[in-house]
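Structure at a glance
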Amino acid sequence: AVELRPCGFVRAGRRGYRDYRIGEGRHLVVGRVDRGTAPVELLVPGDQHARILEVTPPPSADPGGEGVSETDQQAVAALLGRRPSGEFEVVVRAEDGAPAVIANAPFLFDGTPMPTRYWLVDAHLREEVSRLESRGGVRQAEAAVDADRLATAHALYAAERDALIDSGHSGPRPSGGVGGTRHGVKCLHAHLAWWLTGADDPIGQWTAEQIGLHPA
């Protein structure tokens, strides 16, 4: 049996730093540097504070390139149960360095459009979110969140992903917002993954609260 213990993580945001805890969490999750270059203030065991200048780098225009180590390649493959089908970059890690969220390139290796920019790979968080979805969480989330805020989130997600596509690309391209959804909510995993990177995703925030991920 795995011993569960509550731990926290700091998710850097535009409005400052916030300490988060997951009630049944098994490990500390640390967020990447927010979309600028400000360092992340990480609350470490023993209430010590450390200045982390680079937990993981912000997503680049070439995720999954030479910067992805073989260790990350193998870790993500183990978490997914297969080798990744496209280029990616680890953007959120667990305290032991294991990938928690990856950022995908907008196309797979074979050229297939990839609408989901951020993918939740942490096994524990995926399991918690799956339980929430099995209890009707998708419908509950959509009913609980303002429709205009959700629409804005979809638009921002799509704009960030599509900015990585070469302006001369003329073939099929990814569409939709979070997880490829144009309207409403499709996948809580995708919303939580984006929220964990520091994005203002109301569904991701709602999901975090529902699984016990909350400000300490």
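1. Brief notes about the side chain of Asp-72
- Within the fold, Asp-72 resides in helix α1 (residues 70–80).
- The class for Asp-72 is buried, based on a relative accessible area of 9%.
- Each residue touching Asp-72, except ones within four places of it in the same chain, is listed here: Phe-88, Val-90, Arg-93 and Pro-99.

2. Looking at the confidence of the model for the protein chain
- Averaged over all residues, the pLDDT of the protein chain equals 74, while 68% of them reach at least 70.
- The least confident element of the protein chain, judged by mean pLDDT, is strand β5 (residues 48–52) at 28; the most confident is helix α3 (residues 137–144) at 96.
- With pLDDT under 50 throughout, residues 1–65 is counted as low confidence; its partners more than four residues away or in other chains account for 172 contacts.

3. Things to note about the packing of aromatic side chains
- Following the criterion strictly, the structure yields 2 aromatic pairs and no others.
- Note on Tyr-118 and Tyr-157: the rings are 6.2 Å apart at their centroids and 70 degrees apart in plane angle, and the pair reads as edge-to-face. A residue pair is termed long-range when its members are at least 10 positions apart, and Tyr-118 in strand β8 (residues 118–120) and Tyr-157 in helix α4 (residues 147–162) qualify at 39 residues.
- By relative accessible area, which is 1% here, Tyr-118 ends up buried.
- Aromatic side chains Tyr-157 and Trp-194 sit 5.1 Å apart centroid to centroid with 85 degrees between the ring planes, which places their arrangement in the edge-to-face category. Here Trp-194 lies in helix α5 (residues 188–196) and Tyr-157 lies in helix α4, a separation of 37 residues in the sequence. Take Tyr-157 and Trp-194: they sit in the same class, and that class is buried.
- Put simply, the rings of Tyr-118, Tyr-157 and Trp-194 touch in pairs and so form one group of aromatic residues.
- In this structure, Arg-117 is placed above the aromatic ring of Tyr-118, and the distance from its NZ or CZ to the ring centre is 5.4 Å.

About the criteria used
- Throughout, a residue's number is its position along its own chain's written sequence, starting from 1.
- For a predicted model such as this one, the threshold for reporting local features is a pLDDT of at least 70, and the threshold for listing and counting side-chain atom pairs is 80 or more; totals across whole chains, interfaces and linings nevertheless cover every residue.
- Here the side-chain values reflect all heavy atoms present in the structure, with hydrogen atoms and water set aside.
- Numbering goes from the N terminus for both helices and strands, where a helix is a DSSP run of H or I of at least four residues and a strand is a run of E of at least two.
- Under the scheme applied here, a residue whose accessible area is under 20% of the maximum for its type counts as buried, over 50% as exposed, and between as partly exposed, the area being computed with a 1.4 Å probe on protein chains only.
- The contact criterion used is simple: two residues touch if any of their non-hydrogen atoms lie within 4.5 Å.
- Summary of the metric used: pLDDT quantifies the predictor's per-residue confidence within the range 0 to 100.
- Side-chain rings of Phe, Tyr and Trp, where Trp is taken by its six-membered ring, are said to pair if the distance between their centres is within 6.5 Å; with planes under 30 degrees apart they count as stacked, over 60 as edge-to-face, and otherwise as tilted.
- Either the NZ atom of lysine or the CZ atom of arginine qualifies as a charge over a ring when it sits within 6 Å of the ring centre and within 35 degrees of the ring normal.

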